[in-house]
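Single-letter residue listing:
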Amino acid sequence: RKKEFKSEEKDLIFIYQGLISPSRGIHSYVNAFKEQDKKLVLMGHILDGEEEMLKSIQEESNIFYKKPVAIDQIVKNTSLADCGLHVLGNNLSKSYEMSLPNKFFEYLHAGLPVIVNKELEYLAGIVEENNLGWIVSQEELSSFIREITKEEILFRKEYIKSYSKGLFWESDAKIFHQIYSQSRI
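Residues numbered from 1 in each chain as written. Predicted model: local features only at pLDDT ≥ 70, side-chain atom pairs only at ≥ 80, totals over all residues. Heavy atoms only, no water.

Draft legend 1. Region of the structure containing the nonpolar core. Counting 47 residues, the largest nonpolar core has Phe14, Ile26, Leu42, Leu85 and Ile115 as its most contacted members. In terms of residues, this core owes the most to one element, helix 2 (residues 26-33), which gives five residues. Residue contacts for isoleucine 115: discarding those within four places in its chain leaves Phe14, Cys83, Gly84, Leu85, His86, Val87, Trp134, Val136, Leu141, Phe144 and Ile145. (Core = buried A, V, L, I, M, F, W, Y, C linked by side-chain atoms within 4.5 Å. Buried < 20%, exposed > 50% of the residue type's maximum accessible area, 1.4 Å probe, protein only. Helix = DSSP H or I, 4+ residues; strand = E, 2+ residues; numbered from the N terminus. Contact = heavy atoms within 4.5 Å.)

Draft legend 2. Main features of helix 9 (residues 150-164). End to end, helix 9 covers 21 Å across 15 residues, agreeing with the expected 21 Å (1.5 Å per residue, within 8%). Those residues of helix 9 that sit buried are Ile153, Arg156, Ile160 and Ser164. (Expected span 1.5 Å × (residues − 1).)

Draft legend 3. Expanded view of the sheet that holds strand 4 (residues 83-86). The strand order across the open sheet built from six strands is 3-2-1-4-5-6, with neighbouring strands paired in parallel fashion. Looking at strand neighbours, the two that pair on one side only are strand 3 (63-66) and strand 6 (133-135), the edges of this open sheet. Between one strand axis and the next, the sheet turns by 20° as a mean value, whatever way the strands run. Sheet topology places strand 4 next to strand 5 (residues 114-116); three bridges connect them, and they run parallel. Residue pairing for strand 5: glycine 84 is matched across the bridge by valine 114. Of the strands in this sheet, strand 1 (13-17), strand 2 (39-43), strand 3 and strand 4 are in contact with helix 2, which crosses strand 2 at around 160°. The strands that helix 7 (residues 121-130) touches are strand 4, strand 5 and strand 6; relative to strand 6, the one it contacts most, it runs at about 130°. (Pairing = 2+ DSSP bridges. Axes fitted to C-alpha atoms, helices over the stretch in contact; angles between N-to-C directions.)

Draft legend 4. Just the packing of aromatic side chains, in detail. Using the criterion set out here, one finds five aromatic pairs in the structure. Summarising the aromatic geometry, the rings of phenylalanine 155 and tyrosine 159 are spaced 5.4 Å apart at their centres and angled 65° between planes, so their arrangement reads as edge-to-face. Of the two residues, phenylalanine 155 and tyrosine 159 are both situated in helix 9; the distance of four residues between them amounts to about one turn of the helix. (Phe/Tyr/Trp six-rings, centres within 6.5 Å; stacked < 30°, edge-to-face > 60°.)

Draft legend 5. Up close: the pairing of strand 1. With five of five residues buried, strand 1 lies mostly within the body of the structure. Of the two faces of strand 1, the one carrying Ile13, Ile15 and Gln17 and the one carrying Phe14 and Tyr16 are both buried. In this sheet, strand 2 lies alongside strand 1 in parallel orientation, the contact comprising five bridges. Its bridge partner lying in strand 2, isoleucine 15 is registered against valine 41. Where the polypeptide runs from strand 1 across helix 2 and back to strand 2, its parallel neighbour, the crossover connection is right-handed. Here two bridges tie strand 1 to strand 4, and the two strands are oriented parallel to one another. If you follow phenylalanine 14 over to strand 4, its bridge partner there is cysteine 83. (Right-handed = clockwise from strand over helix to strand, strands pointing away.)

Draft legend 6. Quick peek at the environment of tyrosine 159. Note on tyrosine 159: relative accessible area 36%, which makes it partly exposed. Counting along the chain gives 27 residues from tyrosine 159 to leucine 132, while the straight-line C-alpha distance between them is 6.2 Å. Residue contacts for tyrosine 159: discarding those within four places in its chain leaves Asn130, Asn131 and Leu132.

Structure below.
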């Protein structure tokens, strides 16, 4: 962690994993971390034609790009950070508002609290109800990042441990098998 992200133990590292594209709010993440003492890791694929965006990202001393990793290495690499980000813009489609993306579970399995925005209705409800992180608007992200402390993150990690114990496909598979084996369609 120290070597890869030029950090010290006291540094707070935030991660966004997924498609690195303007449509996913990458510019708002980069802007939120400009002139901050906190670090940001963007891990994922960059679309062809977005090389300029990568250059601008790499100009920031506290923002790092990490190429996509194998699926069995995602949680291991994600756990190098302290907090996960999933704050999309406003005016989202119903599909996004009600989504439950894999990255949410990957953050939790890595032991990270998650920052989501209120427009992500379903996720925001889960985060709030279970104390798994914070709900922040895209406009508030920069000031929230500036103010958050390591202690606040560590406090949330205890809730995450408890919540994520049963979040495994194998557990869900048993339930789905029982439901579908009893249904008569």
